Amino acid sequence: MKISERLIQLNNLIRDQFPENEEYLFLFRKLEEGIKDLERQVEIQSLAGAELNRVQEQSTVLEIILDTARELTYADGGTVYMIQVEYYDDPFNPGEIKSKALSFEVLQNETLNIFERSSSTNKISLPPVPLDKAGKPNHSNVSAYCANTGWIVNIPDVYDAEGFDFSGTKKYDQTTGYRSQSMLVIPLRDHENQINGVLQLINRKDQTGKVIPFTDQDQAIVQSLSYQAAVSLTTQKLLKEQVELFNAFVQVLAEGLGEKSPYTFAHINRVALLTVSMGKAVDEWAEGMYEDIHFDADQHAELELAGWMHDIGKLTTPEYIVSKSVKLQTLFDRFELVVERFNSKAKDIEIEALQKKILGMENDKGERYFIEVEKEKNEALQELATDVHLLCQSNLGGEFLSKELEEKILKTASITRKEYFQLNTKMVLGERKILGVEASRNGQVGPLISEEEKALLLIQRGTLSPEERLIINAHSDRSWRWLMKLPFPRKMMKLPLYAGAHHETLSGTGYPNQLKAPQLPIQSRIIAIVDVFEALTAKDRPYKEPMPLSKSLQILGFMVKDNLLDAEIIRIFLKSGLYLDYAQQFLNEDQIDEVDIDQWIETYYPKDFKDSLPAYNRIAEAKPLQENP
Ligand SMILES: [Fe+2]
Ligand SMILES: [Fe+2]
């Protein structure tokens, strides 16, 4: 039972004994009104407290504050301003303030039926109120004065007020026909007692609707509300700053990687972008196996960050491997050395021919002999030229190595030349160290291409050797481990898995942890598909030609057939038209060829493909528990 109801009971008891006492009845009525008002305030404040606790967006928090303040004080209108600080972009003096102003965040006026609020995409179109004018604190504007001094301002009638410039308010009244009268202006402070905004209420009304001045009690109530608001605003601000700091940190890391390998940076950018779009497509797709999978705003943000961070482990992958454009590349392309050896072999051939000619002269050989020697030499040089040309081709890498090139490499590897100087080397802690040079007066037999070069040139796909592939593959394990060390907020705790598992496959043949389908969340599957599709279609890779759209989708199809990628996500990717939007934005025109979506689904979508998502992907979209009534 409420206190006011108990009071009425008490009154009924006492009134029987003093039925005619006017003074008693008057006092009792006042007491009853006061208590009812207090009960109303408590109810409004506790409702506001519960709401403030629930919302996260700053504009909603501010709107609740103004709604509540107006309800508590019977104010007709009000404004919430927040202090916006602009800093100089000076690396030698970071954090130096350039200007401070009060921006309009929420604007309400019951009589004029105005209810506006600024959001990240839509700002209230009124110019901010500067906190400084000509290098001095702005004290002429009442809200700026309150923000600068921290004083509460309570004005019975702004038209009679002295010391403040209300010309703007009066002009506004003229255009709207409104009459601004009483005003209460209160600073909003944060947890460090710093003023970060101002709450301005206008035209307090009494029970008859007449405008009256704000009372001391109004002032006290609004002040107490402002303390409650400060907690909400501070929490919300800290959370926002935490997210902004983290996002900026991720950007800096990605840019750091970009300085090492510009195309990797471009890859990360495109993967993040397509991951976001793919997340939206899956979320919005209202048919098929994943029709009930939905992501909330936090999950979309988490997925985007995972896209940004998926290859972060490449930061420490050696640069020559990340951007390896030809098979013989280390810090430079070793094909130069091969060409030098071919040059020396050509000289061997020349010398051999000259020696034969000298012998011929000494033995008085006829003209025919010399023609034959010259012919032999030219043929040998021609063959050498053909060999080096084909080796140059095989150094480039590609989708596969032809049999012809493979045979040529093996044949060339058996050719020898004379070496007058040979390196004396030894392996020390896994590294080849040069100990000295051995000289030979008559020359020793040496290979035209070394065993290591032969193995590299024989790489069947791409430019990476198995050892280099292991090194580059380690990036996903590193991404995963590094991300696990970051104390993500509860809502983002799965991010390391989403990012780290982008090279895992549904069949369990991926890396680094050979996870299988039931362990792979839909988010990891999305990034895995985006990662492959971006890599296939990219037009800026140093080691391969841009691939046509149809061929890229065909390869995705093969990967679906091999149970590596999620068929349903690719179906949504195709059916939603997202693949084409992406292609039109990022592919060369000649890459965008005809693709038959239905034919793709008919050919590659496995008839027995089943939803194998981990349980939490399903729980995420389950209805929240009913709130306590
Ligand atoms: Fe990767
Ligand atoms: Fe990647």
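Residues numbered from 1 in each chain as written. Chains lettered and ligands numbered in written order. Predicted model: local features only at pLDDT ≥ 70, side-chain atom pairs only at ≥ 80, totals over all residues. Heavy atoms only, no water.

**Student:** How should I be thinking about the overall build of the chain in this particular structure?
**Tutor:** A count of helical and extended segments in the chain gives 21 helices and twelve strands. Whereas a compact globule of 629 residues would reach a radius of gyration of roughly 25 Å, the chain reaches 39 Å, over 25% beyond that. Dimensions of the chain, computed from C-alpha atoms along their principal axes, come out at roughly 155 × 65 × 50 Å. Among the 629 residues that make up the chain, the fraction classed as buried is 43%. In the chain, of all internal contacts separated by at least 6 residues, the share reaching a separation of at least 24 is 66%. Carbon and sulfur atoms make up 55% of the accessible area of the chain, which totals about 35400 Å². Considering the chain, the positive charge centre built from 71 side chains and the negative charge centre built from 97 side chains are found 5 Å apart. (Helix = DSSP H or I, 4+ residues; strand = E, 2+ residues; numbered from the N terminus. Rg over C-alpha atoms; globule rule 2.2 N^0.38 Å. Buried < 20%, exposed > 50% of the residue type's maximum accessible area, 1.4 Å probe, protein only. Contact = heavy atoms within 4.5 Å. Areas by Shrake-Rupley, 256 points an atom, 1.4 Å probe, with all protein chains shown as cover. Lys, Arg positive; Asp, Glu negative; His and termini not counted. Charge placed at Lys NZ, Arg CZ, Asp CG, Glu CD.)

**Student:** Hey, could you run me through the environment of Thr275 in this one?
**Tutor:** You can see Thr275 is positioned in helix H7 (residues 262–284). Through-space distance from the C-alpha of Thr275 to that of Ile186 is 45 Å; in sequence the pair is 89 residues apart. Those residues within four positions of Thr275 in sequence are excluded, and the remaining contacts are Leu303, Gly307, Ile526, Ile527 and Val530.

**Student:** Looking at this structure, I do not really get the coordination of the iron ion (ligand 2). What am I missing?
**Tutor:** For a metal bound by four donors in tetrahedral geometry, the ideal donor-metal-donor angle is 109.5 degrees, whereas six donors in octahedral geometry ideally sit at 90 or 180 degrees. Only His267 (NE2), His310 (NE2), Asp311 (OD) and Asp531 (OD) from the protein reach the iron ion (ligand 2) as donors, at distances of 2.0 to 2.3 Å. When the donor residues of the iron ion (ligand 2) are listed from N- to C-terminus, their spacing reads H-x42-H-D-x219-D. Taken as a pair, the iron ion (ligand 2) and the iron ion (ligand 1) lie 3.4 Å from each other and share Asp311 as a ligand. In this pair, His267 is assigned in helix H7 and Asp531 in helix H16 (residues 522–537), connecting sequence segments 264 residues apart. Its relative accessible area of 4% is what places His267 among the buried residues. (Donors = N, O, S within 2.8 Å, 3.2 Å for Na, K, Ca; no water.)

**Student:** In this structure, what is going on with the packing of aromatic side chains? I would like to understand it.
**Tutor:** For any pair of aromatic rings, the description consists of the separation of the ring centres together with the inter-plane angle of the planes. On inspection of all chains with the given rule, the structure shows twelve aromatic pairs. Aromatic side chains Phe164 and Phe166 sit 6.2 Å apart centroid to centroid with 70° between the ring planes, which places their arrangement in the edge-to-face category. Taking relative accessible area as the criterion, Phe166 reaches 5% and is therefore assigned buried. One aromatic cluster is present, built from ring pairs that chain together Phe533, Phe573, Tyr579, Tyr582 and Phe586. Seen from the ring of Tyr159, Lys170 lies directly overhead, with NZ or CZ sitting 5.3 Å from the centre. (Phe/Tyr/Trp six-rings, centres within 6.5 Å; stacked < 30°, edge-to-face > 60°. Lys NZ or Arg CZ within 6 Å of the ring centre and 35° of its normal.)

**Student:** What's the story with the pattern of salt bridges in this structure? I'm lost.
**Tutor:** Side chains bearing opposite charge may pair, as long as their charged atoms lie close to each other. Counted according to the given criterion, the structure contains 35 salt bridges. In this structure, the salt-bridge partner of Glu244 is Lys240, at a minimum N-O distance of 3.6 Å. Residue Glu244 and its partner Lys240 are both found in helix H6 (residues 216–260); the two are separated by four residues, about one turn of the helix. Here Glu244 falls in the partly exposed class, since its relative accessible area comes to 45%. Since its relative accessible area comes to 46%, Lys240 is described here as partly exposed. Put simply, Arg341 and Glu453 hold a salt bridge, and the shortest N to O gap is 2.8 Å. A residue pair is termed long-range when its members are at least 10 positions apart, and Arg341 in helix H10 (residues 335–362) and Glu453 in helix H13 (residues 451–457) qualify at 112 residues. The class of Arg341 is buried, set by a relative accessible area of 15%. Because the salt bridges share partners, they merge into one network encompassing Glu350, Lys357, Glu374 and Lys377. (Salt bridge = Lys/Arg side-chain N within 4 Å of Asp/Glu carboxyl O.)

**Student:** Looking at this structure, I do not really get the coordination of the iron ion (ligand 1). What am I missing?
**Tutor:** In the first shell of the iron ion (ligand 1), the protein supplies Asp311 (OD), His475 (NE2), His502 (NE2) and His503 (NE2), at 2.1 to 2.3 Å from the metal. Here the iron ion (ligand 1) is ringed by four donor atoms whose angles at the metal span 81 to 169°, and the overall shape comes out irregular. In terms of primary sequence, the donors binding the iron ion (ligand 1) are separated according to D-x163-H-x26-H-H. (Tetrahedral: all angles 85-135°; square planar, octahedral: opposite > 155°, others 65-115°.)

**Student:** Explain unusual backbone geometry here, please?
**Tutor:** The phi angle of most residues is negative, glycine excepted, and most peptide bonds adopt the trans form. Following Tyr511, the chain continues to Pro512 via a peptide bond in cis, the omega torsion being 10°. With respect to the helices and strands, Pro512 occurs in the loop between helix H15 (495–500) and H16. Look at Asn203: it is not a glycine, yet its phi comes out positive at around 55°. Along the polypeptide, Asn203 turns up in strand E9 (residues 195–205). Overall, the relative accessible area of 2% leaves Asn203 in the buried class.

**Student:** Explanation requested: the domain arrangement of the chain in the structure shown.
**Tutor:** How big an interface is tends to be stated in terms of accessible area lost as the parts join. Entries for the chain in the domain assignment read domain 1 (1–54), domain 2 (56–241), domain 3 (263–323 + 469–619) and domain 4 (335–463). A straight line from the C-alpha centre of domain 3 to that of domain 4 covers 45 Å. If you look at the interface, domain 3 gives four residues, while domain 4 gives four residues. The junction of domain 3 with domain 4 conceals about 270 Å² of combined surface from both sides, 44% of it contributed by carbon and sulfur atoms. At the surface where domain 3 touches domain 4, the tally comes to zero salt bridges. Linking domain 3 to domain 4 there are zero residue pairs in polar contact (both at pLDDT 80 or more). Partitioned by chemical class, the residues of the side of domain 3 that touches domain 4 number two nonpolar, no polar and two charged. (Domains from an automatic or database assignment. Buried area = accessible area lost by both parts, 1.4 Å probe. Polar contact = N/O pair within 3.5 Å; in protein donor to acceptor, adjacent residues only side chain to side chain. Nonpolar A, V, L, I, M, F, W, Y, C, P; charged D, E, K, R; others polar.)

**Student:** Before we go on, may I ask you to explain the pairing of strand E8 (residues 183–189) in this structure?
**Tutor:** Working note: regular strand, side chains alternate between the two faces of the sheet. The element E8 is extensively covered by neighbouring structure, given that six of its seven residues are classed as buried. The sheet contact formed by strand E7 (residues 153–155) and E8 spans three bridges and is antiparallel. By the bridge assignment for E8, Asn154 is matched with Leu184. Inspection of the sheet shows E8 paired to E9 by seven bridges, in the antiparallel sense. Bridging across to E9, Arg189 finds its partner in Ile195. Joining the antiparallel neighbours E8 and E9 is a turn of five residues, in which Asn193 adopts a positive phi near 65°. (Pairing = 2+ DSSP bridges.)

**Student:** Can you walk me through empty space enclosed by the protein in this structure?
**Tutor:** The gaps left among the atoms become clear once a water-sized probe is rolled over them. Scanning the model with the defined rule gives two cavities of 30 Å³ or more in all. As a volume, the largest cavity reaches approximately 60 Å³. Along the lines of polarity and charge, the residues of the lining of the largest cavity split into seven nonpolar, two polar and three charged. Roughly 40 Å³ of volume is contained in the second largest cavity. Looking at the second largest cavity, the residues that line it are Arg270, Glu534, Thr537, Ala538, Lys539, Asp540, Tyr582, Phe586 and Leu587. Broken down by secondary-structure element, the contributors of at least two residues to the lining of the second largest cavity are H16 and helix H19 (578–586). Counted by class, the lining of the second largest cavity contains four nonpolar, one polar and four charged residues. (1 Å grid on protein atoms, 1.4 Å probe; cavity = no way out; pocket = protein on both sides within 12 Å on 5 of 7 lines; lining within 4 Å. Points joined across faces, edges and corners; volume = space filled by probe spheres on them.)

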